[in-house]
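# Topology and contacts: notes
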Amino acid sequence: MGRLNANTLVTHPETGEVVLLASGGEVPGWASSLVGAHLVDGDSPEPERSDGDRAGGGESDGDEPEQAAPAKRTRRASGR
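Report follows, based on the coordinates.

Thresholds, definitions, all that
- Residues numbered from 1 in each chain as written.
- Predicted model: local features only at pLDDT ≥ 70, side-chain atom pairs only at ≥ 80, totals over all residues.
- Heavy atoms only, no water.
- Helix = DSSP H or I, 4+ residues; strand = E, 2+ residues; numbered from the N terminus.
- Buried < 20%, exposed > 50% of the residue type's maximum accessible area, 1.4 Å probe, protein only.
- Contact = heavy atoms within 4.5 Å.
- Areas by Shrake-Rupley, 256 points an atom, 1.4 Å probe, with all protein chains shown as cover.
- Core = buried A, V, L, I, M, F, W, Y, C linked by side-chain atoms within 4.5 Å.
- Pairing = 2+ DSSP bridges.
- Salt bridge = Lys/Arg side-chain N within 4 Å of Asp/Glu carboxyl O.

## Structural notes on the overall build of the protein chain
Tallying secondary structure elements over the protein chain gives zero helices and four strands in all. Considering the protein chain as a whole, with its 80 residues, one finds that 14% of them fall into the buried category. When contacts within the protein chain are restricted to residue pairs at least 6 apart in sequence, long-range pairs at least 24 apart make up 31% of them. Total accessible area on the protein chain is roughly 7200 Å²; 46% of this is exposed by carbon and sulfur atoms.

Right under this line is the structure:
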């Protein structure tokens, strides 16, 4: 898949553990579907745009509905 251009955290699908994938390292096969293309250097293709994405730099002409803010994250109990 390529080398990471930044650090990222992913949850291992089999163990549920949070795993650090460090900048400069290869993306493991099990994590390839969990890591966004923006984090990978190399010959990865540009992600396809959906109808809701704006290619013009994010400028709005006022016709789009406002988007709600993302939900706040909460901490889970560690169970220790």
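Here the narrative resumes.
## Describing the nonpolar core
Formed by L4, V10, L21, V27, A31, V35, L39 and V40, the largest nonpolar core amounts to eight residues. In this structure, V10 is in contact with E17, V18, V19, L21, W30, A31, L34 and V35, ignoring residues within four places of it in sequence.

## Some points on the pairing of strand β3 (residues 18–21)
One ladder, built from four bridges, connects strand β2 (residues 8–11) with β3; its direction is antiparallel. Paired with T11 across the two strands is V18, which belongs to β3. Connecting β2 to the next strand, β3, in antiparallel fashion are six residues, including G16 with a positive phi near 80 degrees.

## Brief notes about the environment of V40
As for its position among the elements, V40 is in strand β4 (residues 40–41). With a relative accessible area of 6%, V40 lands in the buried category. When near neighbours in sequence (up to four residues on either side) are disregarded, V40 contacts M1, G2, R3, N5, V27 and V35.

## Side note on the environment of L20
Considering the arrangement of structural elements, one finds L20 in strand β3. The sequence separation of L20 and N7 amounts to 13 residues, and the corresponding C-alpha distance is 7.1 Å. In contact with L20, not counting residues within four places along its chain, are N7, T8 and L9.

## Quick notes on the pattern of salt bridges
On inspection of all chains with the given rule, the structure shows one salt bridge. Here R3 ties to E26 by a salt bridge, and the two come within 3.7 Å at their closest N and O atoms. On the criterion of sequence distance, the pair formed by R3 in strand β1 (residues 3–4) and E26 in the loop between β3 and β4 is long-range, its members being 23 residues apart. With relative accessibility at 45%, the residue R3 sits in the partly exposed group.

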